[in-house]
Amino acid sequence: MSTDKSASWAYSEDFLTLDDVVLRATDRAAQLGCPPVSPGTGAALRTTAAALRAAAVVEIGTGAGVSGLWLLRGMAPDGVLTTIDTEAEHQRAARTAFADDGVRPTRVRAITGRALDVLPRLTDGGYDLVLADGDPLELPQHVEQAVRLLRPGGVLAVAHALHHDRLPDPARRDETTTTVREVIRGLRDDERLVPAMLPTGDGLLLAARR
């Protein structure tokens, strides 16, 4: 496929108009150095959460709350987002974003710590959606835990799944790119899952649990 898709990609990313709450959260993310999901990725996450009528969601990598805003806007009105991050400062920024959006504090369970320490304590099959957006070198373990957490029909979402456009380039063989590439290939071939790779943002892999 040789057609230049850049104009279509840009149109897709700008399809929704961002409101001030998301824009402020995006600015905080830039200040903290934690790259947020793109508008197109956020919109896809919101739609997925809405389609699932998600009541229980896990987010690995809180950042400044941009992806959390999108997820909460798609979830059931009484749904609870469990969001995990090693940085307390990131979670403070996220709480500010959620408060700006009028999210009730009872709808967010923010846990400061390593995802690999927290995820094993969460309930098997107890979640509708898991977003993996943490340390890419820990992605293999995050994904395996996520599959365990999902109910049948639940969805795993992997943000930045094309890893800054490095994933399709076979010449890119640094440790991080290789790790992400192997995880994505494993998800493609995992008989427990029904996967799709979306080119939105920096790549969003969605995989439904059979």
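For the structure itself, look to the data block above.
In what follows, the accompanying structure is described. On a predicted model such as this, the values are computed, not experimentally measured, just so you know.

### What to know about helix α4 (residues 66-74)
And step 1. Counting buried positions along α4 gives 8 out of 9 residues, so the element sits mostly inside the fold.
And step 2. Among all positions of α4, only Val66, Ser67, Gly68, Leu69, Trp70, Leu71, Leu72 and Gly74 are buried.

### A look at unusual backbone geometry
And step 1. You will see that His164, though not glycine, has its phi angle at about 60°, which is positive.
And step 2. For His164, a relative accessible area of 46% puts it in the partly exposed group.
And step 3. The residue Asp165 is not glycine, and still its phi comes out positive at about 65°.
And step 4. Turning to its location among the elements, Asp165 is positioned in the loop between β5 (150-159) and α8 (175-189).

### Section: the sheet that holds strand β2 (residues 80-85)
And step 1. What the 7 strands build is an open sheet, ordered β3-β2-β1-β4-β5-β7-β6; its pairing is mixed. In the strand order of this sheet, the two ends are held by β3 (108-112) and β6 (193-198), each with one partner. Going across the sheet, the axis of each strand differs from the next one's by a mean of 15°, ignoring polarity.
And step 2. Strand direction decides the pairing type here: strand β1 (residues 56-60) and β2, joined by 5 bridges, are parallel. Within β2, the position partnered with Ile60 by the bridge is Ile84.

Calculation rules
Residues numbered from 1 in each chain as written. Predicted model: local features only at pLDDT ≥ 70, side-chain atom pairs only at ≥ 80, totals over all residues. Heavy atoms only, no water. Buried < 20%, exposed > 50% of the residue type's maximum accessible area, 1.4 Å probe, protein only. Helix = DSSP H or I, 4+ residues; strand = E, 2+ residues; numbered from the N terminus. Pairing = 2+ DSSP bridges. Axes fitted to C-alpha atoms, helices over the stretch in contact; angles between N-to-C directions.

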